[in-house]
Amino acid sequence: MPSAPRPLPSAATRTRVARAAGDLGAAAVQQMEADHQWYRSLSAEDRSWVGLVAQAGLSSFLEWFSGDQSRPAVTADVFGTAPRELTRSISLAQTLDLIRTVIAVVEREIADLAAPGEEDLAREAVLRYSREVAFSAAEVYAQAAEARGAWDARLESLVVDAVLRGEADESMQSRAAALGWGAVTQVAVVVGSTPPGATAPVLTDLHRAARRIDVELLVAIHGPRLICIGGSVTDPIALAKALDPFLGDGPLVVGPTVPHLFAAGRSARAAISGHGAAPAWVGAPRPVHADDLLAERALLGDLPARGALIARIVRPLAQSPGGTLLDTATAYLDGDLGVEGTARALIVHPNTVRYRLASIAKTIGYDLTEAHDAQTVRMALAFHRLGPVSRSTPRP
């Protein structure tokens, strides 16, 4: 059976409430100033907008209160008088505080305005209407958050694209500042595979994982690769491990840490190159640092990686006294003679070879008795013999 219609206030009550609308609005604003320090700290413009919202709410309530209350209260236009930017000045919690204050004032005053015997009826109407206003406020902030989130995601993608292209211009600086990256330092890039399925939840999970370890994060999807730029990074490998569960299968590569976002292109290029080259190292760990993939990256034609191999491996060995470390590494790797055979080839004692191998590991950080390290040093020696390569050198 349909529910019985709610009793309506008498004409006398509706008239009294309508006549007191201006006084109610003034009393509500006065109460807001008395109760909320943050309201008193608002700019004059924002306070005027809040006052208009409160007055619009009262006017809408009076229109509904004086009409057919069996219909839902129409509160969509209560917040329409204020610009959307007001949601940036006043949080949802503060808005709800204001609603409580206004409702408390109206509820207190309306009992005196209602005709005898209709006090409870008037209070019930206030409570019903305030519930609708609260829902309407939540909807306004939800829409603003969605719009802001979509815009931030677009800005985020533009900043990442600018980093990858090396376009550290003023537009990138302003966009980064809008995302809160104006003063972020210690930046590292992590590149992984894009997981299958919907990507929006993945981006949310990645940002949440970064926040847990107090790292700022910018994310963009580039086809099969997912680019993550971390800021305020103290341990880039720890960042990659935090992001790992939300990325797809395949390599997970960490670029070198750079001072700020405008130098992040170097980290990004190294990480992307490493992501493409990682399959060449069958036993590559996940995550792996891009610098541990210098040999594989050089195979793909990464000239900075090729130069880094020579600078970090060949030059320090060649600078050893008499070049003995370079000679020992060459004989040990190219001859594949082991310690005893290398000792015979160099006409030294086997213990001398063992001592030099330890010195090589200490000097360049590569252990020639470990397979991947040996392969990296062997390729560095080969590239050194080939000599420098110009970027314009034609490929076969």
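This one's a predicted model, so the numbers in the text were calculated from it and none came from an experiment. (Residues numbered from 1 in each chain as written. Predicted model: local features only at pLDDT ≥ 70, side-chain atom pairs only at ≥ 80, totals over all residues. Heavy atoms only, no water.)

J.: Help me understand the overall build of the protein chain in this model?
T.: Each helix and strand in the protein chain was counted, giving 17 helices and six strands. Residue pairs in contact within the protein chain that sit at least 24 positions apart in sequence constitute 69% of those at least 6 positions apart. In the structure as shown, the protein chain presents an accessible area of about 20500 Å², 55% of it carried by carbon and sulfur atoms. (Helix = DSSP H or I, 4+ residues; strand = E, 2+ residues; numbered from the N terminus. Contact = heavy atoms within 4.5 Å. Areas by Shrake-Rupley, 256 points an atom, 1.4 Å probe, with all protein chains shown as cover.)

J.: Before we go on, may I ask you to explain helix α11 (residues 264-277) in this structure?
T.: Note that an α-helix has 3.6 residues per turn; residues three or four places apart therefore point the same way. In a regular helix each residue adds 1.5 Å, so 14 residues correspond to 20 Å; α11 covers 20 Å between its end C-alpha atoms and thus fits that length. For α11, the buried fraction is high: ten of the 14 residues fall into the buried class. Inspection of α11 places Ala 264, Gly 265, Ser 267, Ala 268, Ala 270, Ala 271, Ser 273, Gly 274, His 275 and Ala 277 among the buried residues, and these make up the whole buried set. (Expected span 1.5 Å × (residues − 1). Buried < 20%, exposed > 50% of the residue type's maximum accessible area, 1.4 Å probe, protein only.)

J.: What should I look at first to understand the packing of helix α15 (residues 338-346) against helix α16 (residues 350-364) in this one?
T.: Angle between the axes and distance between the axes: these two values describe a pair of packed helices. At their nearest, the axes of α15 and α16 sit 8 Å apart, and the two run at 105° to each other. Between α15 and α16, the angle is such that the two are roughly perpendicular. In this structure, α15 contributes Val 339, Glu 340, Thr 342, Ala 343 and Leu 346 to the contact, and α16 contributes Pro 350, Val 353, Arg 354, Arg 356 and Leu 357. Broken down by class, the residue content of the contact of α15 with α16 amounts to six nonpolar, one polar and three charged. (Axes fitted to C-alpha atoms, helices over the stretch in contact; angles between N-to-C directions. Parallel < 35°, antiparallel > 145°, perpendicular 65-115°, else oblique. Nonpolar A, V, L, I, M, F, W, Y, C, P; charged D, E, K, R; others polar.)

J.: Sorry if this is basic, but what is going on with the environment of Val 202 here?
T.: Mapped onto the fold, Val 202 is located in helix α9 (residues 200-212). Judged by its relative accessible area of 12%, Val 202 is buried. Once the C-alpha coordinates of Val 202 and Leu 247 are considered, the two residues, 45 residues apart in sequence, prove to be 7.9 Å apart. Beyond its immediate stretch of four places on either side in the chain, Val 202 contacts Pro 195, Leu 226 and Phe 246.

J.: Looking at this structure, how should I read the nonpolar core?
T.: Generally speaking, soluble globular proteins have nonpolar side chains that are buried together. One finds Ile 313, Leu 317, Ile 360, Leu 368 and Val 377 to be the most contacted residues of the largest nonpolar core, which totals 29 residues. Counting residues per element, the ones that place at least two in this core are α12 (294-299), α13 (303-318), α14 (324-334), α15, α16 and α17 (371-386). A per-element tally of this core places α13 first, with seven residues. Contacts of Leu 317, omitting those with residues within four sequence positions, involve Gly 323, Leu 325, Leu 326, Ala 329, Ile 360 and Ile 364. One finds Ala 162, Ala 176, Ile 229 and Ala 264 within the second-largest nonpolar core, a separate group that totals 20 residues. (Core = buried A, V, L, I, M, F, W, Y, C linked by side-chain atoms within 4.5 Å.)

J.: Explanation requested: the environment of Pro 350 in the structure shown.
T.: Mapped onto the secondary structure, Pro 350 falls in helix α16. Relative accessible area serves as the criterion here: at 17%, Pro 350 is assigned to the buried category. A C-alpha to C-alpha distance of 5.6 Å links Pro 350 and Glu 340, two positions ten residues apart in sequence. Those residues in contact with Pro 350 that lie beyond four places of it in its chain are Val 339, Glu 340 and Ala 343.

J.: Could you clarify how one ought to interpret the packing of α13 against α14 in this entry?
T.: Where α13 contacts α14, the axes come no closer than 6 Å and their chain directions differ by 120°. It follows that α13 is oblique to α14 by the angle criterion. Touching Val 314, Leu 317 and Ala 318 of α13 are Leu 325, Leu 326 and Ala 329, all from α14. Of the residues belonging to the contact of α13 with α14, the class tally is six nonpolar, no polar and no charged.

J.: I'm lost on the side chain of His 289 in this one. Help?
T.: Relative to the assigned elements, His 289 resides in strand β6 (residues 288-289). Of the polar contacts made by the side chain of His 289, one reaches the backbone nitrogen of Asp 291; its length is 3.1 Å. If near-sequence neighbours (up to four positions away) are discounted, His 289 is found in contact with Ile 237, Val 253, Val 254, Gly 255 and Pro 256. (Polar contact = N/O pair within 3.5 Å; in protein donor to acceptor, adjacent residues only side chain to side chain.)

J.: Even after reading the chapter, I still don't get the environment of Tyr 332, so can you show me in this structure?
T.: In this fold, Tyr 332 is placed in helix α14. Taking relative accessible area as the criterion, Tyr 332 reaches 15% and is therefore assigned buried. Between the alpha carbons of Tyr 332 and Ala 343 there is a distance of 8.9 Å; along the sequence they are eleven residues apart. When neighbours within four sequence positions are excluded, Tyr 332 is seen to be in contact with Leu 337, Gly 338, Val 339, Thr 342, Leu 357, Leu 368 and Thr 369.

J.: Teacher, can you tell me more about the pattern of salt bridges here?
T.: Think of it this way: side chains of opposite charge can pair up when their charged atoms draw near. Here the structure, examined in full by the defined rule, presents six salt bridges. Here Arg 297 and Asp 302 are joined by a salt bridge, their closest N and O atoms 3.2 Å apart. A relative accessible area of 13% places Asp 302 in the buried class. Across the salt bridge formed by Glu 340 and Arg 354, the nearest N and O atoms sit 3.7 Å from each other. On the criterion of sequence distance, the pair formed by Glu 340 in helix α15 and Arg 354 in helix α16 is long-range, its members being 14 residues apart. Residue class for Glu 340 comes out partly exposed when judged on its relative accessible area of 40%. (Salt bridge = Lys/Arg side-chain N within 4 Å of Asp/Glu carboxyl O.)

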